[in-house]
Amino acid sequence: MLTTATPARFKASGRAFAHIAQFHPELTALRRDLHAHPELGFEEVYTSGRVREALRLCGVDEVHTHIGKTGLVGVIRGRGAGKRMIGLRADMDALTMTEHNDFPWRSTKAGMMHGCGHDGHTAMLVGAARYLAETRNFDGTAVLIFQPGEEGFAGAKAMIDDGLFERFPVEAVYGMHNWPGLRPGMIGTNPGPMMASADRVTIEVTGRGGHGAHAYLAVDPVLVAAHIITAVQSIVSRNVRPVDGAVISLCAMQAGDLHAMSVIPGKATLVGTVRTFSPEVQSLVERRLTELCSAVALGFGATATVHYERIYPATVNATREAMFAADVAEGLVGAEHVVRDMEPSMGAEDFSFMLQSKPGAYLRIGQGGEGSCMLHNSRYDFNDEILPLGSALHAGLVEHSLPPAAP
């Protein structure tokens, strides 16, 4: 029986986990190196280079670079002549954040950090690549997708537009994200929505500027904007069915000059986000926002223009693939450590573009539990303890999807 160099606080079984545990220290070193050298979307030159070299050393059959700018794909062929392909995806980019950790592998770049764990995701997929290349206990082809620009750049769409699935026609694709709200050793998924869509809303209110002492001669866009902020909160409570999730958050407002206390500006701008799980609710919210903002502004003698930008669609798992992934996870960590009806998050994820193109599933792998640091926090760090587990889960999805023919 193979064991980890540092025993994990959770239990996992299976050949893949035991095999990968042997090079846990190397995966940890890679993950921490990536953490120390964060790169933003479509700028992942160092990261892609490290992944490319790691895949070469792993002995993968092919490495294809510059797919979706800085994205790359590793190809591993199993035993036999099977033509089926399974895709595994990891995101590589960091965030525009200043890190406030003090460990040796903290970010070396001002204003950038891996505050969402993409460094860990990349290392886990490299671990799966090494195991799959060394064992090849499957009949078909594993397609390992290292994606740039998840954090607002739609890197998944860029790879798809660059011919990802034409060049590598996988029959299913799987993605995974660490989740601080789950204990290490826990894995969650859901046959349906996992993440919401992410839309950007810009509301431009136009009034008539004037002197603060003579407001009756002006049309105050700040007043109008304030009423719009309040009014739009009625859309979810009074237009969206309670069983359909939706969030409207107006998060920023710009109007006037802070040094001009008595000047009523002519314009005010509001910026926010809308989160939904279905295209029908998404369209409803967009329509009601436009109608309501225009009507509120008109009531004050102003005008309001709504610019609605659909950035990421909702991440919705295919039922069959989600249940299959849960079965694979159960074989790895046991039924009691698999959540099959994971509560969807109102956060967004551009893996949604891949799930619009191919059936598949998005999973969450526990890394924290109660009291742990949440994602996008300046003191966040990926839990290296779960690296072999994530790698084994990736590998298991390939091996169970593409079982070798009986001898």
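Predicted, not measured: the structure shown is a model, and the values here were computed from it. (Residues numbered from 1 in each chain as written. Predicted model: local features only at pLDDT ≥ 70, side-chain atom pairs only at ≥ 80, totals over all residues. Heavy atoms only, no water.)

Novice: Looking at this model, I keep getting lost on the UniProt feature "binding site: Mn(2+)" (unreviewed entry) in the protein. Mind explaining?
Specialist: Under the UniProt annotation, the feature "binding site: Mn(2+)" (unreviewed entry) is placed at Cys-116, His-118, Glu-151, His-177 and His-376. In summary, the annotated positions, though distributed over 261 residues, converge in three dimensions, the widest C-alpha pair being only 13.2 Å. Tracing the sequence through the fold places Glu-151 in the loop between β4 (141–147) and α5 (155–161). In this structure Glu-151 comes out as buried when scored by relative accessible area, which is 19%. Those residues in contact with Glu-151 that lie beyond four places of it in its chain are Asp-93, Ala-94, Leu-95, Cys-116, His-118, Tyr-312 and His-376. Positionally, His-177 belongs in strand β5 (residues 172–179). Setting aside its immediate chain neighbours within four residues, His-177 contacts Asp-91, Cys-116, His-118, His-121, Glu-349, Tyr-362, Leu-363, Arg-364, Ile-365 and Leu-375. (UniProt positions renumbered as here; feature names shortened; annotations may be inferred. Helix = DSSP H or I, 4+ residues; strand = E, 2+ residues; numbered from the N terminus. Buried < 20%, exposed > 50% of the residue type's maximum accessible area, 1.4 Å probe, protein only. Contact = heavy atoms within 4.5 Å.)

Novice: Whenever I open this one, the UniProt feature "domain: Peptidase M20 dimerisation" (unreviewed entry) in the protein confuses me. Can you help?
Specialist: Under the present numbering, the feature "domain: Peptidase M20 dimerisation" (unreviewed entry) in UniProt falls on residues 200–288. Within residues 200–288, the helical portion is 31% and the strand portion 35%, while the C-alpha atoms at the span's ends are 15 Å from each other.

Novice: Sorry, what's going on with the environment of Gly-68 here?
Specialist: In this structure, Gly-68 sits in the loop between β1 (62–65) and β2 (72–77). In this structure Gly-68 comes out as buried when scored by relative accessible area, which is 3%. Between the C-alpha atom of Gly-68 and that of Ile-160, which follows or precedes it by 92 residues, the distance is 7.5 Å. Apart from residues lying up to four places away in sequence, Gly-68 is in contact with Phe-42, Pro-148, Ala-158, Met-159 and Asp-162.

Novice: Hey, could you run me through unusual backbone geometry in this one?
Specialist: Most peptide bonds adopt trans geometry, and most residues besides glycine take a negative phi value. Of note, the phi angle at Ala-154 is positive, near 55°, even though the residue is not glycine. One can find Ala-154 in the loop between β4 and α5.

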